[in-house]
Amino acid sequence: MTRSFVLSFWLLAFGFLAFSSCGPAAEDRSMMMSRSKQVQDSIANVIRMQMAEAEGPAPMQAVPGTSPTTMAPVAPVTPAPTHTHAPGEVHNH
C-alpha cells in the first residue's frame, strides 16, 4: 500500500510539473513586446492621420458681399423697414 501511494504521489507530481506552464520564453516575450509596439504605433498613426484630416482646411465659403457662384461683388441688400403697431391699431398702406 505504501509503495502504491508513493508511486501515485510521484506520478501526480510529475504530471503537474509536466503540464504546468511557466510562461513564454524570454525570446518569445521580447518578440511579443516588439509586435505589440508595432501595432500600437500603427494605431496611433491612423488616429493622427484622421485627426489631421478632420482639422484640414474648411470647405470654401462665400465671403460676405460676393456672389457665392461667381465671387463677384454684389450690391448690399437693405432690409425693409419694419413697423410695429399697438394692439387693435389698423395701418393702411
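Use the structure listed above.
These notes cover the structure that comes with them. Sequence positions are assigned chain by chain, starting from 1 and proceeding in written order. The predicted nature of this model means local features are confined to residues of pLDDT at least 70 and side-chain atom pairs, given and counted, to a pLDDT of 80 or more, with totals for whole chains, interfaces and linings taken over all residues. To obtain the side-chain values, all non-hydrogen atoms of the structure were included, while hydrogens and water were left out.

This brings us to the overall build of the protein chain. Counting its secondary structure elements, the protein chain contains two helices and zero strands. Within the protein chain, the fraction of its 93 residues that count as buried is 1%. Of the roughly 9200 Å² of accessible surface on the protein chain, a fraction of 67% belongs to carbon and sulfur atoms. The way it works is that DSSP assigns letters per residue, a run of H or I at least four long becomes a helix, a run of E at least two long becomes a strand, and they are numbered from the N terminus. Relative accessibility under 20% of the residue-type maximum defines a buried residue, over 50% an exposed one, and the middle range a partly exposed one, all with a 1.4 Å probe and only protein chains included. Per-residue and other accessible areas follow the Shrake-Rupley method at a 1.4 Å probe size, with only the shown protein chains counted as cover for residues.

With that settled, the discussion passes to helix α1 (residues 2-19). Under the convention used throughout, the expected extent of a helix is 1.5 Å for every residue step, that is, one less than its residue count. A rise of 1.5 Å per residue sets the reference length of α1, with its 18 residues, at 26 Å; its end C-alpha atoms lie 26 Å apart and thus fit the reference within 8%. The element α1 is largely exposed, with a buried count of zero among its 18 residues.

Next up on the list: the pattern of salt bridges. It is possible for side chains bearing opposite charge to pair when their charged atoms get close. Salt bridges, as used here, are contacts in which a Lys or Arg side-chain nitrogen is within 4 Å of a carboxyl oxygen on Asp or Glu. What the rule picks out here adds up to one salt bridge. Salt-bridge contacts for Lys37 lead to Asp41; the nearest nitrogen and oxygen are separated by 3.4 Å. Residue Lys37 and its partner Asp41 are both found in helix α2 (residues 26-54); the two are separated by four residues, about one turn of the helix. By relative accessible area, which is 35% here, Asp41 ends up partly exposed.

Moving on to a nonpolar patch on the surface. A cluster of nonpolar side chains, namely Phe5, Val6, Phe9 and Trp10, defines an oily patch on the protein surface of about 480 Å² accessible area. Mapped onto the elements, Phe9 comes out in helix α1. A residue counts toward a patch only above 30% relative accessible area and without a salt bridge, and it is joined to like-charged neighbours within 9 Å or, for Val, Leu, Ile, Met, Phe, Trp and Tyr, to nonpolar neighbours within 5 Å.

The next thing to look at is the packing of aromatic side chains. Note on ring pairs: Phe, Tyr and Trp rings are taken, using the six-membered ring of Trp, and paired if centres are within 6.5 Å. Classes follow the plane angle, with under 30 degrees stacked, over 60 edge-to-face and the rest tilted. This model, assessed by the stated rule, comprises one aromatic pair. An angle of 70° between the planes, with centres 5.9 Å apart, marks the rings of Phe9 and Trp10 as edge-to-face.

None of the figures reported here should be taken as evidence of function without further support.
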